[in-house]
Amino acid sequence: MTSGPWKFLASLKLGLGLLILIIILSIIGTLIPQGQAPEFYRQHLRDFSGLILALDFDHLYRSPLFLSLIFLLLLNLLFCSWLRLPAKFRRLRIRDESLLASGQPPAERRDRARLERWLSEDLLQLAAAFKKKGYRVRTTGNEDKKIFLARKSRPGLFGPELVHLGLMIIIAGGLISALFSQRISVALTEGQTEKIPGQTFSLRLDRFTTEYYPDGSVKDWKSLVSVLENGQVKLQKTIEVNHPLKYRRLGFFQMSYGQDWDRTELGLEISLPGVGTRIVNLKAGETREAGDNLMVKAPGFIPDFAVDEAGRAFSRSPEPANPAAMVEIMAGGNQVFVGWVFSRHPEISRYQRSTLPGMKVNLKSFSAPPFSVLEAAYDPGASLVWSGSLLLVLGLLISFYLPYREVRICQRTGQPPLYLVYTRKNPAAFRREVDQLLGLTGQKGSKDKTDE
Amino acid sequence: MNEFSLLLLAFIIYLLTMLTGFLFFFRTGNRMRRISYYLGLAGFVLHSLSLVRRTVESGQAPFTTMYESVSFLAWSCVLAVIIFDRKFRLEKTAPYLWLVVLALMALASSPALPKTYNPLVPALQSYWLWLHVSVTLLGEAFLAVAFVASLLYLLTPDKSHRPANEARREKLDLLAYRAVAVGFPLFTLGALVFGMIWASRAWGRYWGWDPKEVWSLITWLFYALYLHTRLVHGWKGRKSALIAVLGFLAALFTFFGVNYFLSGLHSYV
Ligand code: HEM
């Protein structure tokens, strides 16, 4: 695994290249609107639409290109860590034999120096000084070589490995989520029971409430639901945003709410000069007798009335921002009134026709049964992501705050001692600390300044 | 004193802190440094009181509107500066950091950011709001320190012009690294991990490639790039500083830009 292509797959060069490519693609993905219909790109991004659609950049983060980069990153991390682990373990368990083996100790760049003076007498003292700083000290020797080894924070050696392992687990979890997670939206009105597809249980909405702030914006949605299995209530719980229900391997989340406008209850106020005023309650789509030989029909209701270019009425939103009902009134078989009546604007009669002068119809009240939109989510990758995240954060803390430090002093008979310092973190500061411990610098307690 | 008077007072004291810091350039000795340090501390206390007042009065986390978030980010920067000053003696770098704090304070106090309370939409009502935003902004404050240090590095003429500058450049380089070493883990925990946990509780999915999510990932990747190019290629100095600057620009875009230029689930504030 140390030949050409493998080496490249394990190299940091590839890793850095991948990171850069992933950054670039991610940025592109935030610039191109995602998840639109092909028509959208042809209309708005004419020159690029061919490229966008060919590369699947309309859903860039699930495109083969992006996913293969992520997968390559996973492989890169795996190989990189794998190749580096043996050396790390060797360092963790330095053997006396290897310390005393003839030849030079393994070379690290930029971290060796000759001591200008002998240390033979005060090795004990040196050991004590290092121990006081939290180092573990080992000394060993034979007839032509004496070795002094002081080490600290050995777990720190594996900080980056922990980070990368966490990262690999997160990526694996993410790929599993992308492949296997499922989401089903369930809309329930109060009292309604719905079988959850693919599951043995049903969900019943017992009560649904929307709470508002004084300014009218939504404060909370609460769905009291029962889980039914074979007709028996297994569990009852209130689901709120941020307080999902977990059952079996599914999570149920409060996503939004709506009102079933097809079942709106209308309250119409009909006044006829000389006859009087009456209130008629009926459901949208119903016909009702209203006395005096009048038949009232409400063929339609629109919560947010607007008219398109072709003159057709439509709802701008599902919110009751401009509620309007289509009303038709018959008197003795003849249509005497037809048109839209507006709850907020009773004065508008532009969309009405009446054959009885002075007849007035008002939309006094309307109420539709609310429904709660819950989302059932199954995500087998999530637990991997959580454990990976834990390792990642732990690894970061270890990498940055428990840096491994190692000092070796190797003294051959007849030669000035060689001293080797090994660390991957802030070598300059470490050198200063060690120099101080070795008594190479005069001043004590010189603070490690970042500025002059 | 109400929240805004406290904030204004903190603003003025931060200004004095910066000025004494710059004065220190022309004077040797520790006096100016110490005055500047205690001034900064006093401003920090007043600023904290302002945040506490707002929290108590609104009854919700002090980072739910743009004004609150910017003020909290400024506060976090002050905290980062004070901690780093104590630990590593920022000296000539400190006033430039205060300049960033002042810019944030000016933005927070400006009329462009409305000071009203917004009732929280259902998704924001969670203790994860506290954890996610506070840890993220704290992390970004340290990344801001790295940003300033790296900018100063890039602006300090190199040794071919002034050999005397080399020591200063090296210290700036180290300072930037140390700030990233604090900011990166905090940002990872706050923005990415806590963010994923919260999203999974609120929406049932931990990651949705929402623009704000993507941009925090981009920010994070920049700093991963920073660490690795340094560590393994031994990049230091100019290239390293450039990546730290780009990383922070990405963080700024995540914080301000995404809400204004891109749309998504996170555009609450
Ligand atoms: C987003 C992706 C990555 C993150 C967040 C990450 C994180 C880290 C961190 C925090 C460190 C320790 C840095 C330090 O001590 O200053 C590190 C070290 C390292 N990383 Fe990564 N890494 C990532 C991707 C990669 C990739 C793709 C490679 C590819 C080969 C890689 C190779 C290394 C190596 C060789 C080290 C040094 C290990 C040592 O000091 O023993 N990393 N990484």
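Nothing here was measured: the structure is a model prediction, and the numbers come from that model.

## Let's talk about the site of the ligand
Part 1 of the argument: With respect to spatial proximity, 27 residues lie near the ligand, and among them Lys88(A), His164(A), Arg424(A), Lys425(A) and His228(B) are the closest.
Part 2 of the argument: Measuring from a nitrogen atom of the ligand, one finds a side-chain N or O atom of His228(B) at 2.6 Å.
Part 3 of the argument: Looking at the shell around the ligand, the elements that each hand over two or more residues are helix H2 (12–31), helix H5 (64–92), helix H8 (159–180) and helix H9 (382–401) of chain A together with helix H6 (165–203) and helix H7 (211–233) of chain B.
Part 4 of the argument: Tallied by class, the residues present in the shell around the ligand amount to 18 nonpolar, 5 polar and 4 charged.

## Considerations on H5(A)
All names here are of chain A.
Part 1 of the argument: With 29 residues, H5 extends 41 Å between its outermost C-alpha atoms, agreeing within 8% with the 42 Å of an ideal straight helix rising 1.5 Å per residue.
Part 2 of the argument: At Leu85, H5 shows its maximal kink, close to 35 degrees; a proline, Pro86, follows between one and four residues later.
Part 3 of the argument: For H5, every residue scored as buried is listed here: Phe66, Leu69, Ile70, Leu73, Leu74, Asn76, Leu77, Phe79, Cys80, Ser81, Lys88 and Arg91.

## Side note on a nonpolar patch on the surface
Part 1 of the argument: On the surface, Met1(B), Leu8(B), Leu9(B), Ile12(B), Leu15(B), Leu16(B) and Leu19(B) cluster together into a nonpolar patch covering about 610 Å² of accessible area.
Part 2 of the argument: On the secondary structure map, Ile12(B) appears in helix H1 (residues 3–23).

## Concerning the interface of chain A and chain B
Part 1 of the argument: Contact residues are listed per partner, giving 53 residues for chain A and 57 residues for chain B.
Part 2 of the argument: Of all the secondary structure elements, the ones that give two or more residues to the side of chain A that touches chain B are H2, H8, strand S7 (218–229), strand S10 (250–259) and H9 of chain A.

## Comments concerning the packing of aromatic side chains
Part 1 of the argument: Under the criterion given, the structure shown has 38 aromatic pairs over all chains.
Part 2 of the argument: Centroid distance Trp386(A) to Tyr206(B): 5.9 Å. Interplanar angle 70 degrees. Geometry classified as edge-to-face. Note that Trp386(A) is positioned in helix H9 and Tyr206(B) in the loop between H6 and H7, a pairing that runs across two chains.
Part 3 of the argument: Clustering of aromatic rings is evident, with ring pairs tying together Phe44(B), Phe63(B), Phe72(B), Trp75(B) and Trp130(B).
Part 4 of the argument: Across from the ring centre of Tyr153(B), 4.4 Å away, lies the NZ or CZ of Arg169(B), which sits over that ring.

## Remarks on the packing of H1(B) against helix H2 (residues 31–58) of chain B
Any two packed helices are characterised by the angle at which their axes cross and by the distance between the axes.
Residue and element names in this part refer to chain B.
Part 1 of the argument: With their axes 8 Å apart at the nearest point, H1 and H2 run at an angle of 165 degrees to one another. Classified by the angle their axes make, H1 and H2 are roughly antiparallel. Where H1 crosses over H2, the two elements pack in a sense that is left-handed.
Part 2 of the argument: Tallied by class, residues from the contact of H1 with H2 come to 15 nonpolar, 8 polar and 3 charged.

## So, the domain arrangement of chain B
Residues and elements named next belong to chain B.
Part 1 of the argument: For chain B, the assigned domains read domain 1 (1–113) and domain 2 (126–269).
Part 2 of the argument: Across the domain 1 to domain 2 interface the summed buried area is about 2200 Å²; carbon plus sulfur atoms make up 88%.
Part 3 of the argument: A per-residue breakdown of the area domain 1 buries against domain 2 is headed by Phe63, Met66 and Phe84, which together make up 28% of the total.
Part 4 of the argument: Viewed at the interface, domain 2 and domain 1 are joined by 0 salt bridges.
Part 5 of the argument: The tally of links from domain 1 across to domain 2 stands at 0 residue pairs in polar contact (both at pLDDT 80 or more).
Part 6 of the argument: Secondary-structure elements contributing two or more residues to the side of domain 1 that touches domain 2 are helix H3 (66–88) and helix H4 (94–109).
Part 7 of the argument: Among the residues making up the side of domain 1 that touches domain 2, the classes are represented as 18 nonpolar, 7 polar and 1 charged.

## A word on the coordination of the iron atom of the ligand
Part 1 of the argument: Only His164(A) (NE2) and His228(B) (NE2) from the protein coordinate the iron atom of the ligand, and they sit 1.8 to 1.9 Å from it.
Part 2 of the argument: Given 6 donor atoms and angles of 88 to 178 degrees at the metal, the environment of the iron atom of the ligand is assigned as octahedral. Of this pair, His164(A) sits in helix H8 while His228(B) sits in helix H7, each in a different chain.
Part 3 of the argument: A relative accessible area of 15% means that His164(A) is categorised as buried.

## Brief notes about the nonpolar core
Taken as a class, soluble globular proteins show a tendency for nonpolar side chains to be buried jointly.
Part 1 of the argument: Judged by nonpolar contacts, the single largest core of 155 residues is most densely connected at Leu203(A), Phe252(A), Tyr14(B), Phe84(B) and Trp220(B).
Part 2 of the argument: Examining the composition of this core, we find that 20 residues originate from one element, H6(B), more than from any other.
Part 3 of the argument: When sequence neighbours within four positions are dropped, the list of residues in contact with Leu203(A) reads Leu188(A), Gln192(A), Thr193(A), Glu194(A), Ile196(A), Val225(A), Ser226(A), Val227(A), Leu245(A), Phe252(A) and Leu374(A).
Part 4 of the argument: Trp261(A), Leu282(A), Ala290(A) and Val361(A) belong to the second largest nonpolar core, which has 23 residues in total.

## Considering empty space enclosed by the protein
Residues and elements named next belong to chain B.
Part 1 of the argument: For the coordinates displayed, the defined rule picks out 7 cavities of 30 Å³ or more.
Part 2 of the argument: Taken as a whole, the second largest cavity holds about 130 Å³ of empty space.
Part 3 of the argument: What lines the second largest cavity is a set of 15 residues, and nearest its centre among them are Arg33, Ser36, Asp85, Ala94 and Trp98.
Part 4 of the argument: It is H2 that contributes the most residues to the lining of the second largest cavity, 5 residues altogether.

## Observations concerning the pairing of strand S11 (residues 265–272) of chain A
Residues and elements named next belong to chain A.
Part 1 of the argument: Most of S11 sits out of view: 7 of its 8 residues are buried.
Part 2 of the argument: As judged from the 8 bridges shared by S11 and strand S12 (residues 276–283), these two strands associate in the antiparallel manner. Residue pairing for S12: Glu269 is matched across the bridge by Ile279.
Part 3 of the argument: Pairing between S11 and strand S20 (residues 360–367): 7 bridges, direction antiparallel. In the strand pairing of S20, Leu266 is matched with Phe366.

## Some details on unusual backbone geometry
All names here are of chain A.
Part 1 of the argument: If you check the backbone angles, Asn230 has positive phi at about 50 degrees while not being a glycine.
Part 2 of the argument: Checked against the element boundaries, Asn230 lands in the loop between S7 and strand S8 (232–240).
Part 3 of the argument: In this structure Asn230 comes out as exposed when scored by relative accessible area, which is 75%.

## Some details on the pattern of salt bridges
Residues and elements named next belong to chain B.
Part 1 of the argument: Across all of its chains, the model carries 18 salt bridges over all chains by this definition.
Part 2 of the argument: A salt bridge links Glu3 to Arg54, with the shortest nitrogen-to-oxygen separation between them at 3.1 Å. With Glu3 in helix H1 and Arg54 in helix H2, this residue pair connects regions lying 51 residues apart in the sequence. Accessibility assignment for this pair places Glu3 and Arg54 in one class, buried.
Part 3 of the argument: One salt bridge connects Asp173 with Arg230, and the closest N-O pair in it is separated by 3.1 Å. Residue Asp173 is located in helix H6, and its partner Arg230 is located in helix H7; the two are separated by 57 residues in the primary sequence.
Part 4 of the argument: We classify Asp173 as buried; its relative accessible area is 6%.
Part 5 of the argument: For Arg230, a relative accessible area of 13% corresponds to the buried category.

## Considerations on the sheet that holds S11(A)
Residue and element names in this part refer to chain A.
Part 1 of the argument: In space, the 3 strands of this open sheet follow the order S12-S11-S20, with antiparallel pairing throughout. Strands with a single pairing partner mark the edges of an open sheet, and in this sheet they are S12 and S20. In this sheet, adjacent strand axes meet at a mean angle of 20 degrees when their direction is disregarded.

## Comments concerning the pairing of strand S23 (residues 418–422) of chain A
Residues and elements named next belong to chain A.
Part 1 of the argument: Counting buried residues along S23, 5 of its 5 residues qualify, which places the element largely inside the surrounding structure.
Part 2 of the argument: Side chains Leu418, Leu420 and Tyr422 of S23 all project onto a buried face; the interleaved residues Tyr419 and Val421 project onto the opposite face, where all are buried too.
Part 3 of the argument: Where strand S22 (residues 405–412) lies against S23, 5 bridges are found, and the strand directions are antiparallel. Bridged to Ile409 within S23 is Tyr419.

## Thoughts on the side chain of Thr188(B)
Part 1 of the argument: Looking at the secondary structure, you find Thr188(B) in helix H6.
Part 2 of the argument: Only 2.6 Å separates the side chain of Thr188(B) from the backbone oxygen of Phe184(B), close enough to count as a polar contact.
Part 3 of the argument: Setting aside residues no more than four positions away along its own chain, Thr188(B) makes contact with Leu392(A), Leu396(A), Val193(B) and Trp220(B).

Reading guide: rules and limits
- Just so you know, the residues in each chain are numbered from 1, in the order the chain's sequence is written.
- All chains are assigned letters beginning with A, and all ligands numbers beginning with 1, in the order in which they are written.
- For this predicted model, a pLDDT threshold of at least 70 governs which residues receive local features, and a threshold of 80 or more governs which side-chain atom pairs are given and counted, while totals over whole chains, interfaces and linings are taken from all residues.
- Side-chain descriptors were evaluated using all non-hydrogen atoms of the structure, hydrogens and water having been removed beforehand.
- Here, proximity means that at least one heavy atom of the residue falls within 4 Å of the molecule or strand.
- Whenever a nitrogen or oxygen atom comes within 3.5 Å of another N or O atom, the pair is scored as a polar contact, on the condition that within protein one atom can donate a hydrogen and the other can accept it, and that pairs from neighbouring residues in sequence are kept only if both atoms are in side chains.
- Runs of H or I in DSSP of at least four residues are treated as helices and runs of E of at least two as strands, each being numbered from the N terminus.
- When residues are grouped by polarity, Ala, Val, Leu, Ile, Met, Phe, Trp, Tyr, Cys and Pro land in nonpolar, Asp, Glu, Lys and Arg in charged, and all others, Gly among them, in polar.
- Multiplying 1.5 Å by the helix residue count minus one yields the expected span of that helix.
- A residue's bend is given by the angle between axes fitted to the 7 residues ending at it and the 7 residues starting at it.
- Summary of the burial criterion: residues with accessible area below 20% of their type's maximum are buried, those above 50% are exposed, and those between are partly exposed, where the area comes from a 1.4 Å probe applied to protein chains only.
- Two joining distances apply to patches: 9 Å for like charges and 5 Å for nonpolar side chains (Val, Leu, Ile, Met, Phe, Trp, Tyr), and every residue must have over 30% relative accessible area and no salt bridge.
- Where accessible areas are quoted, they stem from the Shrake-Rupley method and a 1.4 Å probe; at the residue level, only the protein chains shown are allowed to cover.
- The salt bridge criterion pairs a side-chain nitrogen of Lys or Arg with a carboxyl oxygen of Asp or Glu, the two atoms within 4 Å.
- For this analysis, residues touch if any pair of their heavy atoms sits within 4.5 Å.
- Ring pairs are drawn from Phe, Tyr and Trp, using the six-membered ring of Trp, whenever the two centres fall within 6.5 Å, and their geometry is named by plane angle: stacked under 30 degrees, edge-to-face over 60, tilted for the rest.
- Consider the ring centre and the ring normal. A charge sits over the ring if Lys NZ or Arg CZ is within 6 Å of that centre and within 35 degrees of that normal.
- Every axis in this analysis is a line fitted to C-alpha atoms, fitted for helices over the stretch in contact. Angles between the N-to-C directions lie between 0 and 180 degrees.
- Any angle that falls under 35 degrees is termed roughly parallel, while one over 145 is termed roughly antiparallel, one within 65 to 115 roughly perpendicular, and all others oblique.
- By definition, turning the near helix anticlockwise from the far helix through less than a right angle yields a left-handed crossing, and turning it clockwise yields a right-handed one.
- Annotation comment: domain bounds sourced from an automatic or database domain assignment.
- Simply put, the buried area is the total loss of 1.4 Å probe accessible area from both parts when two parts are fitted together.
- Distances up to 2.8 Å from the metal define which N, O and S atoms are donors, and 3.2 Å serves for Na, K and Ca; water is absent from the atom set, so sites may look incomplete.
- Working rule for geometry: tetrahedral if four donors all subtend angles between 85 and 135 degrees; square planar for four, octahedral for six, if opposite donors exceed 155 degrees and the others stay between 65 and 115; irregular in every other situation.
- Here the nonpolar core consists of buried residues drawn from Ala, Val, Leu, Ile, Met, Phe, Trp, Tyr and Cys, with membership extended through side-chain atoms lying within 4.5 Å.
- In this analysis the probe radius is 1.4 Å and the grid spacing 1 Å, with only protein atoms considered; a cavity is a set of points the probe fits into but cannot get out of, a pocket is an open set with protein on both sides within 12 Å along at least five of seven lines, and lining residues have an atom within 4 Å of a point.
- Grid points are joined across faces, edges and corners, and a volume is the space filled by probe spheres set on the points.
- Paired strands, as defined in this entry, are two strands with at least two bridges between them according to DSSP.

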